[in-house]
Each structure stands twice: as structure tokens, then as C-alpha cells.
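Fold and geometry: a report
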Amino acid sequence: AQTVTQSQPEMSVQEAETVTLSCTYDTSENNYYLFWYKQPPSRQMILVIRQEAYKQQNATENRFSVNFQKAAKSFSLKISDSQLGDTAMYFCAFRNGGATNKLIFGTGTLLAVQP
Amino acid sequence: EAGVAQSPRYKIIEKRQSVAFWCNPISGHATLYWYQQILGQGPKLLIQFQNNGVVDDSQLPKDRFSAERLKGVDSTLKIQPAKLEDSAVYLCASSLVRSRDGRRGGTQYFGPGTRLLVL
């Protein structure tokens, strides 16, 4: 069974600095997708970034980028120039490429951006 | 484009009572998901529909939970009777059948959730 592990329950960063959130996963699949979702206090889960396992190039979305290490089964999220609005719970999620699109989530990392 | 809509946003009930949640997915999204998020945990899939058919309900406690999507658009999730451990946020998400790269399974977009407290 696939599992997703986020080993950092909480993190803190100063405004304008860079922070990296860690995620590891376990799977025997070769075709899969990885995601980072953000969940602010309002509870709306928002997609931050997505990575297809068949792509070697790391995904980037503005200030957000990932370091995808397929062999190590690692998928970290880097937030550059942190902003107060980045304060939220961040979930790493895995989905295989099969018929069911079930997302398997980690337990989340609570990120606090300090002014 | 309107997002995923859910109602109610909050619900407080006593154990053994019944409760129902409603979800309206993004227009054109054939796939709809219900997740349960217990405090301090990541969401867990309860059931996945494609149009009005069930794709995966392996983690749905079928003795008390039921869900339907009769016309392939809106969906309702019901709990009857509720237990204390059902206190959670119930998230609805929707996606296209295929992603932009043509592969199976589009990105899932989530609604605001319904926070349920069972006393």
C-alpha cells in the first residue's frame, strides 16, 4: 500500500525568507503523481503544485518549486520569498496512475510565516 | 469559473442522529470525491464517483454512511446513525476524467468542507 510521510509537524519562517517542507512516500508503482496542497485556516484545500512521476524536470509555480527525487522517493516543497499569506497547513499527497484517482495524504506540516 | 460548493458549512448533532451533506462539483467534472478529515490528520477518501457510478468506496463505513450521485452532478453524503468518532471535516472534491496531459485522472479541486461535531 502507498504511504506518505511528512516528518515536520510544524515549521516557522521569517517573511521574505525561504523554507523547505519535506515529504517522502512509498510505492511500488512507476506511474504516479505527487501534489502539494495548502489548507489555510478557512479550511479550503488549494492545489499548490503538481508533479508527474514520468517527468524528470522539477515543477515550479511562481514562488513554489519542488525537489523530486524519484529514486529516493522524496518530494520536498520550497517556498521562496515567504509571505504572511503562506501561513497554512501544507499536505503532501500521492495518486497512482490507475483507474481510481484516490489521493493519499500525509499528516501535514503547519507553516507559520512570521513578520 | 465557480468552484466546488458544499453545504452546510457547519453542523452540530447528537450521537445516534442523522445528518446529510450536499456537494455541487465544478461544471463539467465527471468525477466526484468525498473525503473525511479528522482533526490533526490528512483527508481520507470515503467514496469516489464517476458520473453516477461508484469507482471506489472501499473505505466507506457502509453500516452507517451512504452516498449517492443520482444524476451524475450533485451528490449527498449521509451518516445514520452518527457516532462521536464521526466528528470531522467532510470535504468534497471534483475533477475531470483525464488530466491536461491526456492521462487518466485530472487534478482534484476541493470545496470548503462541512465541519461536523457529534456530541
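Our subject is the structure listed above.
Residues numbered from 1 in each chain as written. Chains lettered and ligands numbered in written order. Predicted model: local features only at pLDDT ≥ 70, side-chain atom pairs only at ≥ 80, totals over all residues. Heavy atoms only, no water.

1. Let's talk about the pairing of strand S5 (residues 44-50) of chain B
Residues and elements named next belong to chain B. Judged by how many residues are buried, S5 sits mostly within the fold: five of seven residues are covered. The pairing of strand S4 (residues 31-37) with S5 spans six bridges and is antiparallel. Residue pairing across strands places Gln36 opposite Lys44, the latter belonging to S5. Here S4 folds back onto S5, and the loop between the two strands holds six residues, one of which, Gly40, carries a positive phi near 85°. Alignment of S5 against strand S6 (residues 53-56), held across three bridges, turns out to be antiparallel. If you follow Phe49 over to S6, its bridge partner there is Val54. Counting the residues in the hairpin turn of S5 and S6 gives two residues, including Asn51, whose phi is positive at 55°. (Buried < 20%, exposed > 50% of the residue type's maximum accessible area, 1.4 Å probe, protein only. Helix = DSSP H or I, 4+ residues; strand = E, 2+ residues; numbered from the N terminus. Pairing = 2+ DSSP bridges.)

2. Structural notes on the interface of chain B and chain A
One frequently used descriptor of interface size is the decrease in accessible area upon assembly of the parts. Counting from both sides, the interface comprises 30 residues of chain B and, opposite them, 25 residues of chain A. Contact between chain B and chain A buries roughly 2,200 Å² in total, counting both sides, with carbon and sulfur atoms accounting for 44%. Applying the counting criterion to the chain B and chain A interface returns five residue pairs in polar contact (both at pLDDT 80 or more). Listing elements by their share of the side of chain B that touches chain A, those giving two or more residues are S4, S5, S6 and strand S9 (88-95) of chain B. In terms of residue count, S4 of chain B provides more of the side of chain B that touches chain A than any other element does, four residues in total. (Contact = heavy atoms within 4.5 Å. Buried area = accessible area lost by both parts, 1.4 Å probe. Polar contact = N/O pair within 3.5 Å; in protein donor to acceptor, adjacent residues only side chain to side chain.)

3. Some words on the sheet that holds strand S8 (residues 75-79) of chain B
All names here are of chain B. The strand order across the open sheet built from four strands is S1-S3-S8-S7, with neighbouring strands paired in antiparallel fashion. Two strands bound the open sheet, and with one partner strand each, they are strand S1 (5-7) and strand S7 (65-68). Strand after strand, the sheet turns through a mean of 15° between neighbouring axes, direction not considered. Relative to strand S3 (residues 19-24), S1 runs antiparallel, the two being bridged by three bridges. By the bridge assignment for S3, Gln6 is matched with Cys23. (Axes fitted to C-alpha atoms, helices over the stretch in contact; angles between N-to-C directions.)

Purely geometric stuff here, so don't read any function into it on its own.
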